[in-house]
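The primary structure of each chain is shown beneath.
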Amino acid sequence: MSERMASETASEAPLSPELLAKMDAYWRAANYLSVGQIYLKDNPLLERPLTLDDVKPRLLGHWGTTPGLNFLYVHWNRLIRERNLNMLYIIGPGHGGPGLVANTYLEGSYSEIYPHIERNADGIKRLFRQFSWPYGIPSHVAPETPGSIHEGGELGYSLVHAYGAAFDNPDLIVACVVGDGEAETGPLATSWHGNKFLNPLTDGAVLPILHLNGYKIANPTILARIPHAELESLMRGYGYEPFTLEGDDPAVMHQQAAAVFDTMLDRIAAIQKAAREDGSTARPAWPMLIMRTPKGWTGPKFVDGKPVEGTWRAHQVPLSEIFEKPDHLRLLEEWMRSYKPEELFNDKGHFREDLAEIAPKGKLRMGMNAHANGGLLLKPLKVPNFRDFAVKIEGRGQADVETTRVLGRLLHAVMEANLEDRNFRVFGPDETASNRLQDVITGTGKAWMAETLPVDENLSETGHVMEVLSEHMCQGWYEGYLLTGRHGFFSCYEAFIHIIDSMANQHAKWLKVTRGIPWRKPIASLNYLLSSLVWRQDHNGFSHQDPGFIDHLMNKKADVVRIYLPPDANTLLSVGDHCLRSRNYINLIVAGKQPAPQWLTIDEAIAHCTTGLGVWPWASNDEGGPEVVMACCGDVPTLETLAAVCLLRKRVPDLRIRVVNVVDLMALQPTSEHPHGLPDEEFDQLFPVGVPVVFAFHGYPWLIHRLTYRRHNHDNIHVRGYKEEGTTTTPFDMCVLNNIDRFQLALDAIKRVARLKPLAATAEQWYSEAIQRHKLYVAENGDDLPEIKDWRWPKD
Ligand SMILES: Cc1ncc(C[n+]2csc(CCOP(=O)(O)OP(=O)(O)O)c2C)c(N)n1
Ligand SMILES: [Mg+2]
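Description of the structure in this document. (Residues numbered from 1 in each chain as written. Chains lettered and ligands numbered in written order. Predicted model: local features only at pLDDT ≥ 70, side-chain atom pairs only at ≥ 80, totals over all residues. Heavy atoms only, no water.)

## So, the nonpolar core
Across soluble globular proteins, nonpolar side chains show a tendency to be buried alongside one another. What counts, and what does not: Take the buried Ala, Val, Leu, Ile, Met, Phe, Trp, Tyr and Cys residues and link them wherever side-chain atoms come within 4.5 Å; each set so joined is a nonpolar core. In this scheme, a residue with accessible area under 20% of its type's maximum is buried, one over 50% is exposed, and one in between is partly exposed, where area comes from a 1.4 Å probe on protein chains only. Here a residue-residue contact requires only that any non-hydrogen atoms of the pair lie within 4.5 Å.
Within the largest apolar cluster, 185 residues are counted, with the highest numbers of intra-cluster contacts made by Tyr-39, Trp-76, Tyr-89, Leu-665 and Phe-695. Leu-665 has contacts with Ile-550, Ile-563, Leu-565, Cys-633, Phe-697, Leu-703, Ile-704 and Leu-707, leaving out every residue within four places of it along the chain. In this structure, Val-628, Met-630, Ala-644 and Phe-732 belong to the second largest nonpolar core, which totals 48 residues.

## A look at the layout of surface pockets
Going by this rule: Here a cavity denotes grid points, spaced 1 Å and computed from the protein atoms alone, that fit a 1.4 Å probe unable to get out, and a pocket denotes an open set having protein on both sides within 12 Å along at least 5 of 7 lines; residues with an atom within 4 Å of a point are the lining. Grid points are joined across faces, edges and corners, and a volume is the space filled by probe spheres set on the points. Each helix is a run of H or I in the DSSP string that is no shorter than four residues. Each strand is a run of E no shorter than two, and both are numbered from the N terminus. Amino acids outside the nonpolar list (Ala, Val, Leu, Ile, Met, Phe, Trp, Tyr, Cys, Pro) and the charged list (Asp, Glu, Lys, Arg) are all regarded as polar, and Gly is one of them.
Considered as a void within the structure, the largest pocket measures approximately 570 Å³ in volume. Lining the largest pocket are 26 residues, and of these Arg-536, Pro-595, Leu-639, Pro-731 and Lys-789 sit closest to its centre. Looking at the lining of the largest pocket, the elements with two or more residues in it are strand S17 (595-597), helix H19 (635-651), helix H22 (731-737) and helix H25 (786-789). Looking at the lining of the largest pocket element by element, the count peaks at four residues for H19. Of the residues in the lining of the largest pocket, the class split is 12 nonpolar, three polar and 11 charged. Its volume calculated, the second largest pocket comes out at about 320 Å³.

## Quick look at helix H3 (residues 97-106)
In terms of burial, H3 is a largely internal element, 10 of the 10 residues being buried. Of the residues making up H3, those classed as buried are Gly-97, Pro-98, Gly-99, Leu-100, Val-101, Ala-102, Asn-103, Thr-104, Tyr-105 and Leu-106. Each element contacted by the buried residues of H3 is listed here: helix H1 (17-39), helix H2 (66-83), strand S1 (86-91), helix H4 (109-113) and helix H5 (121-130). Positive backbone phi, at 100 degrees, marks Gly-108, one or two positions downstream of H3.

## Points about the sheet that holds strand S2 (residues 172-179)
Quick reminder of the rule: Pairs of strands are assigned from DSSP output, requiring at least two bridges between the strands. Axis definition: a line fitted to C-alpha atoms, over the contacting stretch in the case of helices. Angles run 0 to 180 degrees between N-to-C directions.
Here we have five strands laid out as an open sheet, ordered S1-S2-S3-S5-S4, and parallel in their pairing. The open sheet terminates on both sides in strands that have one partner only, identified here as S1 and strand S4 (241-246). Averaged over all neighbouring strand pairs, the angle between strand axes comes to 20 degrees, with direction disregarded. Sheet topology places strand S3 (residues 205-211) next to strand S5 (residues 287-292); three bridges connect them, and they run parallel. For His-211, the partnering residue across the bridge sits in S5 and is Met-291. In the packing of helix H6 (residues 158-166) onto the sheet, the strands contacted are S1, S2 and S3, and the crossing angle to S2 comes to about 175 degrees. The sheet strands contacting helix H8 (residues 228-237) are S3, S4 and S5, and the helix crosses S5 at an angle near 155 degrees.

Following this line, the structure appears as structure tokens:
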């Protein structure tokens, strides 16, 4: 491998021979413990020749990335000690889990958190055995791993998490390893742009390391196979100052790494000084490192005559046929002995003191960094009284309000109240104003470190509204921000939130696992507001119409996910307040932004949101028990349901109708399935057995069946919702296309009440005429019928 170094650092040798020897030994110890975790269940210090009995029956883990991660860890340790740094380490290739476990063990934090993993031979044996072992620990950097906020199983999010962690943490340095394979993912490719949003005055630093080990699982990586100058230009183009470290001779590499890291940290210090002491507001070129080292560095060079070190073959378990090929067992022993464990651990298996001492102490250890256990640092968000933002209801449904705009006012007040603490950010893919949350922008402004022009509005180097046209970045920044103990809010078009389905999955999994880890303290919930909803994306058309994120989140654990569909502004305020204060959930709020009728006073809204669903008595005439329940969930379905109720009152004045509105979707499930689930007795009171239910739902109708299939009255629940019919058309036509319109709902009710059977034929006729009239009118006039558009709930 050719040696390529940043020229200004090439001749420096910052490590004394003694420190160099210790750092190398420390690295060997980490590598030794990493290999041991992958292979061994016994004989942890190789006190006797290795036998098959010492080897795990299933060899699971990833070696290839691990020595590089370990190399960096030992170098971060030196820098932390020498410069008293507050450093968080984010590992993109999270499959290098053994490395992080090994290092947190060597520095002592692992045993402090998990006392049964003692710092002796017994502890090492347990450490090895538990890895990738049933009921042990996962193979990746996981929530169980001290010092981590990043699982890294699903590649692509390391750098965006790093930026999220660094925002508003001026003293923090986030070292972030990006796998060269990971760098090929879309989210990672865009994450480099985080540097256009990071302010050296008020934020911390991100130190990206592109881990150019050349390979992914079975292929070379793109970035390893373009000319080095092109790669450097790419990084320069992203706005970084690239440094390079390349080689495979450990002694040389330690010196060169130390030199290059010293230079990079000096750069960071100079950038921060310029901003903090000299008043510079320029966007700096932050340093980043291209680290070209062999995949599986220090591992077996050849196995079965084929090259392994420095190739894709080193990715997982380089000697995988231990039980089949005696040679492999011998090679494993040679490999492990090459780290000279007898020089690293004393006869009791204790890591040698003179080596251990080069690690930082106490809270400076990366395994103990409080930012990696954000709940420890979490300050409750100051949420002003949301009642102050309530919409006055003068006659139900009489005046239209942009529901989300009202929430925007509350968010603005939250922003103001917490500005001093700098612990609240609002994220959106260029849609904050479009989703009518623009009030939140006033005051703080939108974060922006790139160029500005006179035409720009509200861009600010210290802004706390984060806008970038990448849902991945919004989600990733937000996660990084939350996981390090802060608060936030993410608004997005409903259809496009699917872009981050997978990231939401991963966050939900993280939350689920942390619930079982006592030392991980609760963090603020991840709050989504989905607006620009399916029913009112009539103008943008089919591509913009998709309510399926609800279904997606429903698959996650009940104790992690909450889903709310407030039908108006006051219910939205109540739900918003609740979500902002909650912990450890993913809260999904679905609420429209278009002018829409308002139904509940703030007191009614609070009561309604507290139960999650309930009868709207003012819309019902069910004395003596309902003959039909008209249920609704979501703002447009609620409007259509109430309009259907009016139609029914005209057609069948004596029909006893009950209107039930659902805000908290989870309340529909049995208590056994979800903590918000309504007890069966209460559900039966709302939806009496035998009484038909016409349910108008915002999303795909099947979800309501899924939630209620165990309810006693399930057979009588008839759901209308979005059936994947859409185009550019009028708002009401969207309802008609999907059979959730008022005429259809009224017809459904008539057809389902047994005593109204004789009316069914005329009702069908009446329905067809109404729909025909609607179709002809919209086709001719390009707008909805005035009687539809201007429909109002009758005044009291
Ligand atoms: C999004 C995603 N796609 C695919 C995988 C499967 N996978 C696991 S490791 C890996 C290769 C990673 O290569 P790189 O980022 O270069 O890491 P390293 O070489 O350091 O192991 C792949 C494709 C994954 N974990 N995540
Ligand atoms: Mg790689």
